[in-house]
Amino acid sequence: MPDLSTLADIRTALAQMPGPDATAQAAAQDRNGQLTKPPGALGRLEDLAIWYGAWRGDGRPRLTKPQVVIFAGNHGVAAQGVSAFPSEVTAQMVANFRAGGAAINQLSELAGARLDVHALDLETPTADFTQGPAMSEAEVCAAFAAGWEAVDPSTDLLVTGEMGIANTTSAAAVAAALLGGDAWVGRGTGVDDGGLARKAAAVSAGLAANTERSGLGVLQALGGRELAAMAGAIACARAQRIPVILDGFICSAAALCLWAEDPQALDHCVAGHLSAEGAHGRILEALGKEPLLSLGLRLGEGSGAALAIQVLRGALACHSGMATFAEAGVTDG
Ligand SMILES: O=C(O)c1ccc[n+]([C@@H]2O[C@H](COP(=O)([O-])O)[C@@H](O)[C@H]2O)c1
Ligand SMILES: Cc1cc2nc[nH]c2cc1C
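Residue positions are counted from 1 within each chain, in the order its sequence is given. Lettering for chains starts from A, numbering for ligands starts from 1, and both go in the order in which the items are written. It should be noted that, the model being predicted, local features are given only for residues of pLDDT at least 70 and side-chain atom pairs only at 80 or more, the latter also being counted only at that level, while totals for whole chains, interfaces and linings use all residues.

Going by what an unreviewed UniProt entry lists, the protein is known as Nicotinate-nucleotide--dimethylbenzimidazole phosphoribosyltransferase and is assigned to Jannaschia pagri. UniProt positions are given in the numbering used here, feature names are shortened, and annotations may be inferred rather than shown by experiment. UniProt lists a comment for the protein under the heading Function (unreviewed entry), and it reads "Catalyzes the synthesis of alpha-ribazole-5'-phosphate from nicotinate mononucleotide (NAMN) and 5,6-dimethylbenzimidazole (DMB)." Regarding the protein, the UniProt comment filed under Pathway (unreviewed entry) reads as follows: "Nucleoside biosynthesis; alpha-ribazole biosynthesis; alpha-ribazole from 5,6-dimethylbenzimidazole: step 1/2."

Next comes the structure, spelled out in structure tokens:
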């Protein structure tokens with residue numbers, strides 16, 4: 001692992017990231033053109049398979065070891081009355097993940113994915129960002145490093161998920177700081193109109209109390225430990241050419257912090273789904289990513305991305321398993 005002790009160290013690591021393998025990409029494209037189907041008939045599945053092959057350095061790739069990682073964190077901004085649930089639910093849900101009782105346990109198992117859960121200092125919430133930065137530089141870097149370390153180097157696909165009461169307020173503040181404009185808040189776990197107004201006020205106060213606008217600076221000031229850890233895991237995956245499926249609103253806000261540092265930082269990522277949290281689509285638009293699924297989910301914990309593993313599996317099964325026109329003796333068009 002590189003030294004990730006300071007934001008400057010993280011920026012150094014981000015500046016050394018590899019790109020996709022052009023030879024594998026060309027081979028995958030060539031193979032795609034020979035498969036027994038009309039050109040383009042598999043739609044986005046074709047792009048997905050070529051994207052995956054390019055990052056894995058393999059023109060005929062297989063997916064064998066997907067990993068889902070969930071990071072949990074608690075937020076000082078919860079004190080502003082911005083969630084429908086109390087902060088103790090974060091630790092309670094971590095216990096549920098570990099016992100196998102959450103949605104993500106079922107969806108990971110279905111996708112044949114290993115699931116890891118990392119609780120990040122739950123007993124020490126971040127500071128309330130309406131008053132000043134949520135984290136110190138040391139804290140955000142430690143969380144980023146925890147995310148980096150959580151990635152199994154032998155995995156061939158990563159899903160990053162999260163659990164953190166009040167983190168839709170944090171994600172909204174991150175998006176507002178990095179993309180400007182307003183209406184970034186939504187109902188999260190289901191707040192009423194009063195809660196929604198308190199979320200909007202907390203985001204405004206957070207932007208006024210924290211003036212730093214670099215991607216990592218915003219992650220420190222307005223993010224949370226689980227957002228920083230997701231950013232660290234996504235960066236680690238990039239360093240090892242492991243493709244990533246992004247989850248919902250909070251995961252995308254964390255990824256946005258990397259994108260704000262380098263617009264190519266998320267080229268190894270696809271958007272797994274469009275969350276019902278209203279502003280998610282605007283983050284994905286800014287990132288230039290079209291979601292694979294749109295099922296009205298607003299759960300987090302990696303659930304939409306874990307479902308999207310199945311779509312990627314479908315793309316790779318076709319790409320790597322189908323016969324070519326020559327092999328099958330089918331007349332090419
Ligand atoms: O992933 C999403 O798009 C998403 C949308 C709304 C809520 N969540 C989950 O709900 C929690 C945050 O909601 P809230 O209302 O406490 O800010 C957190 O644990 C997230 O995983 C997740
Ligand atoms: C019960 C519950 C489960 C969750 N999973 C992800 N975020 C969540 C928030 C709540 C409140």
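The rest of the description comes next.
This part takes up helix H13 (residues 303-321). Under the DSSP-based scheme used, a helix requires at least four consecutive residues in state H or I and a strand at least two consecutive residues in state E, with every element numbered from the N terminus. Given a helix with a known number of residues, its expected span is that number minus one, times 1.5 Å. Helix length check: H13, at 19 residues, gives a terminal C-alpha distance of 27 Å against a target of 27 Å (1.5 Å per residue), a fit within 8%. For H13, every residue scored as buried is listed here: Ser303, Gly304, Ala305, Ala306, Leu307, Ala308, Ile309, Leu312, Ala315, Leu316 and His319. Placing a C-beta atom from the backbone of each residue, one calls two residues in contact when those atoms lie within 7 Å. In the core, the buried residues of H13 are packed alongside helix H2 (22-34), helix H3 (44-56), strand S1 (66-72), helix H5 (103-110), strand S3 (157-163) and strand S4 (244-246). Around each residue's C-beta, the other C-beta atoms within 10 Å are counted; 20 or more make the residue buried, 12 or fewer make it exposed, and counts in between make it partly exposed. All C-beta atoms are placed from the backbone.

What follows covers the site of ligand 1. Using a C-beta atom placed from the backbone, a residue is scored as near a molecule or strand whenever that atom is within 6 Å of it. Within the structure, ligand 1 sits among 24 residues, and Ser83, Gly188, Gly248, Ser275 and Gly300 are positioned closest to it. Among the secondary structure elements, those contributing two or more residues to the shell around ligand 1 are S3, helix H7 (167-179) and helix H11 (249-261). Looking at which element gives the most residues to the shell around ligand 1, the answer is H7, with 3 residues. Tallied by class, the residues present in the shell around ligand 1 amount to 8 nonpolar, 11 polar and 5 charged. Each residue gets one label: Ala, Val, Leu, Ile, Met, Phe, Trp, Tyr, Cys and Pro are nonpolar, Asp, Glu, Lys and Arg are charged, and the others, such as Gly, are polar.

Right, let's get into the environment of Thr124. Residue placement: Thr124 occurs in the loop between strand S2 (114-119) and helix H6 (137-150). With 51 residues separating them in the primary sequence, Thr124 and Gly73 have C-alpha atoms 8.9 Å apart.

What follows is about the nonpolar core. The biggest cluster of nonpolar side chains holds 112 residues, and the ones touching the most others in it are Phe144, Val174, Ala175, Ala231, Ala233 and Ala255. The element contributing the most residues to this core is H11, with 11 residues. The term nonpolar core refers to a group of buried residues, namely Ala, Val, Leu, Ile, Met, Phe, Trp, Tyr and Cys, whose C-beta atoms join them within 7 Å.

Quick look at the site of ligand 2 now. For ligand 2, the full set of nearby residues is Phe85, Val89, Met93, Met163, Thr189, Leu299, Gly300 and Glu301. Here the shell around ligand 2 is composed, by residue class, of 5 nonpolar, 2 polar and 1 charged.

The next point concerns the confidence of the model for the protein. The predicted structure's coordinates, where accompanied by low pLDDT, should not be read in detail. Across the protein, the average pLDDT comes to 98, with 100% of residues at or above 70. Overall fold confidence for the complex sits at a pTM of 0.99, while the interface term, ipTM, reaches 0.99. As a per-residue measure, pLDDT reflects the predictor's confidence and takes values from 0 up to 100.

Taken as a whole, H5 has its buried residues at Ile104, Leu107 and Ser108. One side of H5 carries all its buried residues, which in axial view fall inside an arc of 100°. Of the surrounding secondary structure, the elements contacted by the buried residues of H5 are S1, helix H4 (88-99), S2, S3 and H13. By definition, the arc is the one covered by directions from the helix axis to the C-beta atoms.

Looking now at unusual backbone geometry. For Arg241, which is not a glycine, the phi torsion comes out positive at approximately 55°. Looking at the secondary structure, you find Arg241 in the loop between helix H10 (225-239) and S4. In this structure, Glu301 is a non-glycine residue whose phi angle is positive, near 55°. Take Glu301: it is sitting in the loop between helix H12 (280-287) and H13.

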